[in-house]
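# Chain and residue survey
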Amino acid sequence: MSRVQTLPVSADDAGQRLDRWFRRIFPHVPQGRIEKMCRKGEIRVDGGRVKASTRLEEGQEVRIPPLPEGAAPEPAKPSRISDANAQMIRDAVIWKDEHIIALNKPPGLPTQGGSGVSTHVDGLAEALTFGAEEKPRLVHRLDKDTSGVLLLARSRRIAADLTAAIRHKETRKIYWAVVAGVPSPYNGEIKFGLVKAPGGKGAGERMLCIHPREVESTEGAKRAHTLYSALYRVAGRATWVALEPITGRTHQLRAHMAEIGHPIAGDGKYGGSAQENMGDGWGAKMGGIISGKLHLHARSMTFLHPVTRKPVTITAPLPEHMKDTFETFGWTEDLAADDPFEDYH
């Protein structure tokens with residue numbers, strides 16, 4: 001394309017990132033080229049300079065600069081999802097209607113692809129069309145080793161609405177975890193800020209906790225806020241806790257619990273065996289018959305349905321390794337209140 005053109009943003013594309021919108025229309029243009037054109041001001045929205053991550057709004061006009069000649073859109077790739085993986089992701093569906101699908105994401109399954117990752121929820125979403133023309137879209141993420149409620153939207157408009165609700169803290173998520181030791185006090189708030197540790201990228205990324213007073217003066221730091229409630233304990237060794245992230249930072253729950261001395265069981269990144277905690281100096285590896293997998297589960301998610309405008313709460317059963325740990329400690333899922341943080345709200 002050797003000329004400048006202007007394209008409008010449709011209602012279905014509202015809320016989508018500029019780079020994703022661009023790649024859908026011009027799949028032959030690489031991500032790096034899109035970011036460069038944004039930096040140079042060649043791509044503009046309503047005449048203004050924008051970043052590749054800018055969210056588009058209905059009715060806006062996007063300026064498209066001349067693009068490389070001879071570049072053709074990539075042909076559509078046939079589905080490479082195996083029958084076993086298609087069945088696995090369909091079996092993970094715990095709730096759906098014509099607008100939204102909710103999964104109980106298995107532990108160990110990445111939400112999105114990355115270096116060396118070939119199987120992930122985003123890629124497997126093609127098996128979740130259930131007769132619709134488009135595959136459902138992710139609206140939030142869970143860490144690879146975290147299980148539980150994960151929402152997908154079945155249209156761009158619903159994706160935009162749910163993404164906005166999450167961004168504006170209009171949804172609630174409650175997690176269950178097993179941690180080393182017993183938190184004191186039993187109920188509390190954690191407000192350490194979070195900043196990326198130097199050198200880590202992708203799967204190696206690690207967050208550092210900093211005092212709230214240092215957030216403003218620390219480059220790249222973000223405020224973070226977690227509620228916790230100790231539900232049941234086994235002597236002084238381990239505790240079943242409910243967690244509610246008020247903010248949604250990378251590794252927030254894992255970093256926060258480790259910082260107060262109670263790393264989540266199975267968390268090798270934040271709770272190594274040398275870490276001091278109230279569990280007799282254990283780290284996150286409890287040993288014995290307790291699984292070494294991460295004991296963090298997105299138990300429930302509550303949101304206002306973008307179409308019916310009625311509140312919806314999705315609850316996900318525990319994964320097998322956490323069920324085994326609960327059985328070992330004599331806990332059952334029905335012992336916990338549906339909302340341990342009701343008084344806070």
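Conventions we followed
Residues numbered from 1 in each chain as written. Predicted model: local features only at pLDDT ≥ 70, side-chain atom pairs only at ≥ 80, totals over all residues. Heavy atoms only, no water. Buried < 20%, exposed > 50% of the residue type's maximum accessible area, 1.4 Å probe, protein only. Helix = DSSP H or I, 4+ residues; strand = E, 2+ residues; numbered from the N terminus. Pairing = 2+ DSSP bridges. UniProt positions renumbered as here; feature names shortened; annotations may be inferred. Contact = heavy atoms within 4.5 Å. Core = buried A, V, L, I, M, F, W, Y, C linked by side-chain atoms within 4.5 Å. Domains from an automatic or database assignment. Axes fitted to C-alpha atoms, helices over the stretch in contact; angles between N-to-C directions. pLDDT = per-residue confidence, 0-100.

Alternating residues of strand β4 (residues 61-64) divide into V62 and I64, all buried, and E61 and R63, none buried. Pairing geometry for strand β1 (residues 5-8) and β4, over 4 bridges, is antiparallel. The residue of β4 that forms the bridge with L7 is V62. Bridging between strand β2 (residues 44-45) and β4 involves 2 bridges; their strand directions are antiparallel. Note on β4: the bridge partner recorded for V45 is V62.

UniProt marks D143 with the feature "active site" (unreviewed entry), using the numbering shown here. Inspection of the secondary structure puts D143 in the loop between β7 (137-138) and β8 (147-153). With near-sequence residues (within four places) excluded, D143 lies in contact with K105, H251 and R254.

Attention now goes to the nonpolar core. With 29 residues, the main nonpolar core has I89, L103, V121, L243 and L296 as its most contacted residues. Top contributing element to this core by residue count: strand β9 (residues 172-180), with 3 residues. Inspection of this core shows a minimum of three residues originating in each of domain 2 (83-170) and domain 3 (173-344). Apart from the residues within four sequence positions on either side, I89 is in contact with L103, L109, V121, L124, A127 and L128. Counting residues in hydrophobic clusters, the runner-up holds 18 residues, among them V9, F22, V50 and L67.

Taken together, 4 strands build an open sheet; the order of strands is β1-β4-β2-β3 and the sheet is antiparallel. Two strands bound the open sheet, and with one partner strand each, they are β1 and β3 (48-49). Here helix α1 (residues 18-25) sits on the sheet and contacts β1 and β4; the angle it forms with β4, its principal contact strand, is near 60°.

Before going further, it helps to examine the confidence of the model for the protein chain. A low pLDDT score tells you not to read the predicted coordinates there in detail. Across the protein chain, the average pLDDT comes to 88, with 90% of residues at 70 or higher. Per-element confidence in the protein chain ranges from a low mean pLDDT of 86 for α1 to a high of 98 for strand β6 (residues 100-105). This stretch, residues 70-76, has a pLDDT under 50; its non-local contacts, to residues over four places away or in other chains, come to 5 contacts. Scored below 50 in pLDDT, residues 274-282 shows 25 contacts in the model against residues more than four places distant or in partner chains.

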